[in-house]
Amino acid sequence: DHFQLPFVPRDRDHNFMMYPIVLKKEDKRRLVNFLEERNIETRDMVPLINQPIYKKMFGAIEKKYPVARWINKNGFYIGCHPYLKNQEIKYVVDTIHEFFK
């Protein structure tokens, strides 16, 4: 109910460099700050239309793309890599659960 998470079809594998999370209702800053205070790094998502070269070429076009605007406002990444230990993954999951209690 809280997130839009990535979808990977069953017949494929994906090794995320960063794990994208888009909040459906909550203020992303509150969760991002909560995670950062607990040593879980985050990064804002920056949709393609907000990249400097696209702004230079096309101007401020975000209003024309509401999905990109929504992702920019509500989305962020948490870092991940294939060497994360199960206890580290559990810590991230437990911390997110703690936020929503």
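One structure accompanies this document, and this report is about it.

The topology assignment puts L48 in the loop between β3 (42-44) and α2 (52-58). Judged by its relative accessible area of 54%, L48 falls in the exposed class. L48 sits 23 residues away from I71 along the chain, and the two C-alpha atoms are 11 Å apart.

A separate point is unusual backbone geometry. Non-glycine residue N39 carries a positive phi angle of around 65°. By secondary structure assignment, the location of N39 is in the loop between α1 (28-37) and β3. Judged by relative accessible area, which is 73%, N39 ranks as exposed.

Let's shift gears to the pattern of salt bridges. Inspection of the entire model under this criterion finds seven salt bridges. The salt bridge partner of D44 is K28, with a shortest N-O separation of 3.1 Å. Residue D44 is located in strand β3, and its partner K28 is located in helix α1; the two are separated by 16 residues in the primary sequence. A residue is classified by how much of its surface remains accessible, and D44, at 39% relative accessible area, is partly exposed. K28 gets classed as buried once you look at its relative accessible area, which sits at 5%.

Turning next to the nonpolar core. Ranked by size, the top nonpolar core spans 11 residues in total: I21, L23, L31, V32, F34, L35, I40, F76, I78, I96 and F99. Examining the composition of this core, we find that four residues originate from one element, α1, more than from any other. Sequence-distant contacts of F99, defined by excluding residues within four places in its chain, comprise R30, L31 and F34.

Following the criterion strictly, the structure yields five aromatic pairs and no others. A centroid spacing of 5.3 Å and a plane angle of 75° characterise the contact between F16 and Y19, whose relative ring orientation is edge-to-face. Judged by its relative accessible area of 25%, Y19 is partly exposed. Taken together, a centroid distance of 4.9 Å and an interplanar angle of 90° make the contact between F99 and F100 edge-to-face. A relative accessible area of 12% means that F99 is categorised as buried. Grouped by ring-pair contacts, the aromatic residues F3, F34, F99 and F100 constitute a single cluster.

Quick notes on the rules
Residues numbered from 1 in each chain as written. Predicted model: local features only at pLDDT ≥ 70, side-chain atom pairs only at ≥ 80, totals over all residues. Heavy atoms only, no water. Helix = DSSP H or I, 4+ residues; strand = E, 2+ residues; numbered from the N terminus. Buried < 20%, exposed > 50% of the residue type's maximum accessible area, 1.4 Å probe, protein only. Salt bridge = Lys/Arg side-chain N within 4 Å of Asp/Glu carboxyl O. Core = buried A, V, L, I, M, F, W, Y, C linked by side-chain atoms within 4.5 Å. Contact = heavy atoms within 4.5 Å. Phe/Tyr/Trp six-rings, centres within 6.5 Å; stacked < 30°, edge-to-face > 60°.

Nothing here speaks to function; it is geometry throughout.
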